[in-house]
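Here is what each chain is made of, one letter per residue.
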Amino acid sequence: MTVEANGVAPQGDARRHVVVIGAGAVGSATAIEARRAGLRVTVVEPEAPGSPHGASYGNAGWLSSHSVVPPALPGAWRKVPGWLADPLGPLALRWRYLPRALPWLLRYLASGWTEARVQRTAEALRSLLADAPALHARLAAEAGVPQLVEQRGLLHAYRSRAEFEGDALGWRVRARVGVHWEEWPAEELHRREPDLDARYTLGIFVPEAGHCRDPGAYVAALARHAAAQGARRVVSRATGFRIEGGRLRAVHTEGGDIACDAAVVCAGAYSRPLAAAAGSPVPLDTERGYHVVIEGATVGPRTPVMVADGKLIAHWMDGGLRAAGQVEIGGLDAAPNWRRADILLRHLRSMFPALPEGDAAKVKHWLGRRPSMPDGLPCIGPSAASQDVVLAFGHGHVGLGGSARTGRWVAQLLAGVAPETSLAPFDPKRFG
Ligand SMILES: Cc1cc2nc3c(=O)[nH]c(=O)nc-3n(C[C@H](O)[C@H](O)[C@H](O)COP(=O)(O)OP(=O)(O)OC[C@H]3O[C@@H](n4cnc5c(N)ncnc54)[C@H](O)[C@@H]3O)c2cc1C
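Keep in mind that this is a model prediction, so the values were computed, not measured.

Let's talk about the domain arrangement of the chain
Each assigned domain of the chain is listed here: domain 1 (1-70 + 120-151 + 208-283 + 375-432), domain 2 (83-97 + 285-372) and domain 3 (154-207). Of note, the centres of domain 1 and domain 3, computed from C-alpha atoms alone, are 33 Å apart. Listed as interface residues are 13 residues of domain 1 and, on the opposing side, 13 residues of domain 3. The tally of links between domain 1 and domain 3 comes to 0 salt bridges. Put simply, the parts of the chain that give the side of domain 1 that touches domain 3 at least two residues each are strand E3 (62-63), helix H5 (115-129) and strand E9 (210-212). If you tally residues by element for the side of domain 1 that touches domain 3, the top one is H5, at 3 residues. Of the residues belonging to the side of domain 1 that touches domain 3, the class tally is 6 nonpolar, 4 polar and 3 charged.

Below is the structure:
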């Protein structure tokens, strides 16, 4: 089988019928790439693609090729009590959920215990993300929404050099995997970001990175594009698999069975029971996050910016000025705690003090569920029960950015082509 320049076989077996479960960023990109590989594709998704139910709708829109450092770094355990005690802090825990979350949390801290472990994670994430801005620009153009992906760099703002040096390990690791950045001293930072509060005195600008101006609209466009390329859509929820002698025969859905030769589990934070049904009981949990959007705001960043003190991202979207962030450990089903979103709003106003005090009607809130593995790496690869069931979820904080490359890798697996990169770090079997 020949491999096209974009890395995906143009002539997959057109009789091979693949069911893609979930049409978030990962599922939609996968459906497009599987069609590009020549496979027959059915997408099973109960909701409207790109609508607020999915994590892909309301994220911060960063296509951050440099987001290769896992959230838990060496010594993170020392900071956790302080974060939890701070009512305006970036981390919250629903205490009732703690017994269920504890094994995941311990693994999460352990995976960032040493710099060597962080480095290994970073190398793997770099292979997933390095060309995310370019891949998304191409997908957006194909899907007819080129204006939604911009490649103008991303900014990190620090209050002092000492605060930046507190993150030295992360930037050292990024440098080792090939990330370059510019340092903007206070004067340059404020020349370029005139609305940013004066307490920020150092900018770290990453020119290679990109962003998406409206992730919900983008995912909706990708799903439409997959359909235009011939992917069939079934509005239903997948519930399991019929696997016989290690070969997949059908995907069970609430609307009946779909006979198929292969399936891809791209159900984001909801993938755990499906992975278990395919023999892979992986430790997927969710890091819940929030956003606020101020519609009609006129003050804000010139470049999408993450501030080190509040650990949130502020970014213009087509719907207004969005601040996204927060990690809340509380499971899939707990009701939203909109105070977490209010924290984002407070931080946003303190980042841009000229933002007028609010007309509450113009502020929109959203809760999203990041699909997160404890080691900071997604699961991408065949399940334990059948090589025909490919798992593709668990992208945590980088699922929008990582979706394009994931789609290509999965299409290569499905088409029987060796993926362009070793997928060993993402192997779902790594958890034993
Ligand atoms: C506050 C916040 C900020 C973020 N910022 C960024 C960022 O700047 N950059 C970045 O790259 N990432 C970011 N992320 C992470 C990113 O949003 C996620 O990693 C990504 O959206 C995951 O995509 P997905 O397709 O796996 O999941 P989802 O978008 O959640 O899609 C999963 C889909 O599966 C469907 N589904 C569920 N169960 C079933 C079933 N049984 N059968 C069929 N379908 C099913 C769902 O309806 C859904 O449509 C952020 C996340 C949050 C919460």
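Resuming the write-up.
Considerations on the pattern of salt bridges
Tallied over the full model, the rule gives 28 salt bridges. Note that Glu-188 is salt-bridged to Arg-192, the shortest N-O span being 2.8 Å. With Glu-188 and Arg-192 both in helix H9 (residues 186-192) and 4 residues apart, the pair spans about one turn of that helix. Residue classification places Glu-188 among the partly exposed residues on the basis of a relative accessible area of 22%. The partner of Arg-405 in a salt bridge is Glu-420, with the nearest N and O atoms 2.2 Å apart. A residue pair is termed long-range when its members are at least 10 positions apart, and Arg-405 in helix H13 (residues 399-415) and Glu-420 in the segment after H13 qualify at 15 residues. Residue classification places Arg-405 among the buried residues on the basis of a relative accessible area of 8%. Taking the relative accessible area as the measure of exposure, Glu-420 reaches 40% and is therefore partly exposed. Linked through salt bridges whose partners overlap, the residues forming this network are Arg-159, Glu-163, Asp-197, Arg-199 and Asp-309.

Describing the side chain of His-395
Here His-395 shows up in the loop between strand E21 (389-393) and H13. His-395 gets classed as buried once you look at its relative accessible area, which sits at 5%.

What about the site of the ligand?
Contacts to the ligand come from 36 residues, most closely from Glu-45, Ser-56, Trp-62, Gly-396 and Gly-401. Within the backbone of Gly-396, a nitrogen or oxygen atom sits 2.8 Å from an oxygen atom of the ligand. Compared with its free state, where it exposes 1000 Å², the ligand has 95% of that area covered by protein. Among the residues forming the shell around the ligand, the class breakdown is 17 nonpolar, 15 polar and 4 charged. Mapping the shell around the ligand onto the domain boundaries places at least three of its residues in each of domain 1 (1-70 + 120-151 + 208-283 + 375-432) and domain 2 (83-97 + 285-372).

Here we look at the confidence of the model for the chain
For the chain, the mean per-residue pLDDT works out to 94, and 96% of the residues sit at or above 70. Under a pLDDT of 50 for its full length, residues 1-7 has, in the predicted model, 19 contacts with residues more than four places off or in other chains.

A short note on the environment of Arg-152
Its location among the elements puts Arg-152 in the loop between strand E5 (149-150) and strand E6 (154-158). For Arg-152, a relative accessible area of 41% translates into the label partly exposed. Sequence separation between Arg-152 and Val-206 is 54 residues, and the spatial gap between their C-alpha atoms is 9.0 Å. Polar contacts involving the side chain of Arg-152 include one to the side chain of Glu-150, which spans 3.3 Å. At 3.5 Å, the side chain of Arg-152 and the backbone oxygen of Arg-302 are in polar contact.

Examining the side chain of Glu-45
Within the fold, Glu-45 resides in the loop between strand E2 (40-44) and helix H2 (55-58). Look at Glu-45: it is buried, it has no salt bridge, and the nearest opposite charge is Arg-233 at 5.3 Å. Setting aside its immediate chain neighbours within four residues, Glu-45 contacts Gly-22, Ala-23, Gly-24, His-53, Arg-233, Val-234, Val-235 and Ser-236.

Focus on the pairing of strand E1 (residues 17-21)
Across the 5 residues that make up E1, a large majority, 5, are buried. Here E1 shows no split at all, with His-17, Val-19 and Ile-21 on one side and Val-18 and Val-20 on the other all buried. Strand direction decides the pairing type here: E1 and E2, joined by 5 bridges, are parallel. Its bridge partner lying in E2, Ile-21 is registered against Val-44. Between E1 and its parallel partner E2, the chain crosses via helix H1 (residues 25-36), and the hand of that crossover is right-handed. Where E1 meets strand E14 (residues 262-265), 4 bridges bridge the pair, whose relative direction is parallel. By the bridge assignment for E14, Ile-21 is matched with Val-265.

Some details on the sheet that holds strand E20 (residues 379-382)
Spatially, the 6 strands line up as an open sheet ordered E10-E2-E1-E14-E21-E20, and their pairing is mixed. Two strands in the sheet have a free side with no partner beyond their single neighbour: strand E10 (232-234) and E20. Direction aside, the axes of adjacent strands within the sheet are offset by 20° on average. When E2 meets E10, the two strands line up parallel, connected through 3 bridges. Note that in E10 the partner of Thr-42 across the bridge is Arg-232.

Let's talk about unusual backbone geometry
At Lys-311, a position not held by glycine, the phi torsion is positive, near 50°. Position of Lys-311 relative to the elements: it lies in the loop between strand E16 (305-307) and strand E17 (312-317). Assessed through its relative accessible area of 34%, Lys-311 is described here as partly exposed. Residue Gln-326 is not a glycine yet carries a positive backbone phi of 75°. Residue placement: Gln-326 occurs in strand E18 (residues 320-329). When its relative accessible area of 4% is taken as the criterion, Gln-326 is described as buried.

Definitions and limits used
- Residues numbered from 1 in each chain as written.
- Predicted model: local features only at pLDDT ≥ 70, side-chain atom pairs only at ≥ 80, totals over all residues.
- Heavy atoms only, no water.
- Domains from an automatic or database assignment.
- Contact = heavy atoms within 4.5 Å.
- Salt bridge = Lys/Arg side-chain N within 4 Å of Asp/Glu carboxyl O.
- Helix = DSSP H or I, 4+ residues; strand = E, 2+ residues; numbered from the N terminus.
- Nonpolar A, V, L, I, M, F, W, Y, C, P; charged D, E, K, R; others polar.
- Buried < 20%, exposed > 50% of the residue type's maximum accessible area, 1.4 Å probe, protein only.
- Near = heavy atom within 4 Å.
- Polar contact = N/O pair within 3.5 Å; in protein donor to acceptor, adjacent residues only side chain to side chain.
- Areas by Shrake-Rupley, 256 points an atom, 1.4 Å probe, with all protein chains shown as cover.
- pLDDT = per-residue confidence, 0-100.
- Lys, Arg positive; Asp, Glu negative; His and termini not counted.
- Pairing = 2+ DSSP bridges.
- Right-handed = clockwise from strand over helix to strand, strands pointing away.
- Axes fitted to C-alpha atoms, helices over the stretch in contact; angles between N-to-C directions.

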